[in-house]
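Next come the chains, spelled out residue by residue.
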Amino acid sequence: MKKFFEITALSICLSLVSCGSEKPVSFVMSEANPDGSIAAQVDAAFIAKAEELSGGKIKIQLYTNGALGDNTAVMEVMTKPNSEIHLARVAPAAVVKYGCPLSELLDIPYTFESREHFWSFASSPAAKKLLDEPYDNNIGVKGLFFAEEGFRHFFSTKPLEKPSDFDGKKIRSAGNSLMTDIIKAYGGETIPVSFAKLYSALQTGQVEIAEQPIVNYLANHFNKIAPYMILDSHQLGLHEVVITTQAWESLSKKQQNILVEAGKYAGEYCMKISQDAEDKAKASLEAEGAVLANVENHDEWRTMCSDVINKASKENIKLYEEIIGLAK
């Protein structure tokens with residue numbers, strides 16, 4: 001955590017910001033992915049719009065490439081008082097473990113049929129309910145907006161062509177129970193490994209299979225050591241940007257609205273760039289020798305996960321059906 005001491009000078013001046021004021025404020029934001037990734041580009045769009053709408057009074061310093069830690073480490077800091085990290089781009093699973101069960105619905109396999117389905121959800125009342133869930137449950141953060149970086153697919157050090165290729169394989173899990181259930185449904189052995197250690201784990205054989213959206217697979221150079229990917233689309237690589245409750249409540253209503261509007265802008269920006277970025281990533285991967293195996297029919301994969309889907313959705317089935325029903 002020594003990085004946190006290096007950013008003290010950039011920390012938010014919470015004591016200077018009182019309700020109803022628009023005094024200058026500085027935030028620190030964490031991003032696990034590298035510069036140039038879809039996530040980092042969306043972060044940058046959000047930051048630029050917030051600064052523009054505030055007339056330069058809202059400043060956000062972005063740290064990319066996991067410089068401040070992975071999702072788990074960052075959430076541990078942000079959910080405590082006086083966090084030196086004020087905003088972060090995290091996966092839904094990062095808030096689920098703090099007592100936000102509704103957010104787990106977004107990670108249920110084969111929930112979203114397409115990107116269009118997701119963007120219908122992102123502007124719906126259901127999305128607002130999930131963004132507000134961590135704030136309502138007093139875990140120390142509030143969701144601002146959703147974005148996506150394409151569907152997630154499994155990749156491996158050995159060829160992947162069908163579900164039986166997962167039998168007995170060592171598959172990386174980020175530690176959340178839903179991904180563990182998905183891996184078991186495919187017949188694999190779950191191996192908990194942090195994202196920061198995933199590359200070396202693949203190199204050493206600690207894990208044989210992992211999963212990421214195509215753009216992150218390329219951006220993190222996983223294709224160099226695990227060149228086989230099967231396009232199973234088991235989950236959408238969606239994420240949300242969260243802000244600490246302390247930072248949020250320190251802002252005036254006008255400043256809060258600025259961050260919300262900047263989030264809407266960033267979501268629209270993401271919608272414009274994500275498919276194009278994925279298409280370019282596919283072309284680059286194939287040029288570098290990666291093997292991308294298409295899945296013509298996902299029914300077999302979905303059927304293998306049917307128990308996982310039923311188990312994860314049963315406690316909040318009405319909301320889950322609402323999300324499913326937003327498919328066009």
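This text goes with the structure placed above it.
Bear in mind the structure is a predicted one, so any value in this text is a computation, not a measurement. (Residues numbered from 1 in each chain as written. Predicted model: local features only at pLDDT ≥ 70, side-chain atom pairs only at ≥ 80, totals over all residues. Heavy atoms only, no water.)

(A) Structural context of the overall build of the protein chain. Assigned secondary structure in the protein chain consists of 14 helices and nine strands. Computed over C-alpha atoms, the radius of gyration of the protein chain comes to 20 Å, within 12% of the 20 Å expected from 2.2 N^0.38 for 328 residues, which places it in the range of a compact globule. With the C-alpha coordinates aligned to their principal axes, the bounding extent of the protein chain is approximately 60 × 40 × 35 Å. Scored against the burial criterion, the 328 residues of the protein chain give a buried share of 55%. A separation threshold of at least 6 residues defines the contact pool for the protein chain, and within that pool the share at least 24 residues apart is 75%. In the structure as shown, the protein chain presents an accessible area of about 14,200 Å², 50% of it carried by carbon and sulfur atoms. Measuring between centres, the 33 positive side-chain charges of the protein chain sit 5 Å from its 43 negative side-chain charges. (Helix = DSSP H or I, 4+ residues; strand = E, 2+ residues; numbered from the N terminus. Rg over C-alpha atoms; globule rule 2.2 N^0.38 Å. Buried < 20%, exposed > 50% of the residue type's maximum accessible area, 1.4 Å probe, protein only. Contact = heavy atoms within 4.5 Å. Areas by Shrake-Rupley, 256 points an atom, 1.4 Å probe, with all protein chains shown as cover. Lys, Arg positive; Asp, Glu negative; His and termini not counted. Charge placed at Lys NZ, Arg CZ, Asp CG, Glu CD.)

(B) Spotlight on the pairing of strand 3 (residues 87-90). Of the two faces of strand 3, the one holding L87 and R89 and the one holding A88 and V90 are both buried throughout. Pairing between strand 1 (residues 25-30) and strand 3: two bridges, direction parallel. Across the sheet, the residue bridging to M29 is L87, located in strand 3. (Pairing = 2+ DSSP bridges.)

(C) How the structure looks around helix 6 (residues 125-136). Helix length check: helix 6 (twelve residues) gives 15 Å between terminal C-alpha atoms against 16 Å at 1.5 Å per residue, within 8%. Within the sequence span of helix 6, burial applies to A126, A127, L130, L131, D132, E133 and P134. Tucked inside the fold, the buried residues of helix 6 contact helix 5 (115-122), strand 4 (141-156), strand 8 (228-244) and helix 14 (317-324). Phi turns positive one or two residues past the end of helix 6, at N138, with a value near 55°. (Expected span 1.5 Å × (residues − 1).)

(D) Up close: the nonpolar core. In terms of nonpolar packing, the biggest core is built from 86 residues, with F27, F46, F121 and L259 touching the most fellow members. When neighbours within four sequence positions are excluded, L259 is seen to be in contact with F27, F46, A50, I58, L144, I243, W248 and L251. The next biggest cluster of nonpolar side chains, apart from the first, holds 16 residues, and it includes L68, V74, V95 and C100. (Core = buried A, V, L, I, M, F, W, Y, C linked by side-chain atoms within 4.5 Å.)

(E) Fine view of the packing of aromatic side chains. For the structure on display, the rule yields 15 aromatic pairs. For the pair F154 and Y186, a centre-to-centre distance of 5.8 Å together with 80° between the ring planes defines the contact as edge-to-face. Residue F154 is located in strand 4, and its partner Y186 is located in the loop between helix 7 (177-185) and strand 6 (189-192); the two are separated by 32 residues in the primary sequence. Each member of the pair, F154 as well as Y186, carries the same accessibility label: buried. Between F166 and Y186, the aromatic rings sit 5.4 Å apart at their centres with planes inclined by 45°, giving tilted as the arrangement. Highlighted residues: F166 in the loop between strand 4 and strand 5 (170-173) and Y186 in the loop between helix 7 and strand 6, separated in sequence by 20 residues. One exposure class covers both F166 and Y186, and it is buried. Members of the aromatic cluster, each reached through a chain of ring pairs, are F112, F118, W119, F121 and F146. When the ring centre of Y265 is taken as origin, the NZ or CZ atom of K49, which lies over that ring, is 4.4 Å away. The ring of Y135 has K142 sitting right over it, with the charged end atom 5.9 Å from the ring centre. (Phe/Tyr/Trp six-rings, centres within 6.5 Å; stacked < 30°, edge-to-face > 60°. Lys NZ or Arg CZ within 6 Å of the ring centre and 35° of its normal.)

(F) Structural view of the packing of helix 7 against helix 13 (residues 306-313). Between helix 7 and helix 13, whose axes approach to 9 Å, the crossing angle comes to 160°. With respect to helix 13, the axis of helix 7 lies roughly antiparallel. Taken as a pair, helix 7 and helix 13 cross one another with a handedness that is right-handed. Touching L178, D181, I182 and A185 of helix 7 are V308, K311 and A312, all from helix 13. Taken together, the residues of the contact of helix 7 with helix 13 sort by class into five nonpolar, no polar and two charged. (Axes fitted to C-alpha atoms, helices over the stretch in contact; angles between N-to-C directions. Parallel < 35°, antiparallel > 145°, perpendicular 65-115°, else oblique. Left-handed = near helix turned anticlockwise from the far one by under 90°. Nonpolar A, V, L, I, M, F, W, Y, C, P; charged D, E, K, R; others polar.)

On their own, these measurements won't tell you what the molecule is for.
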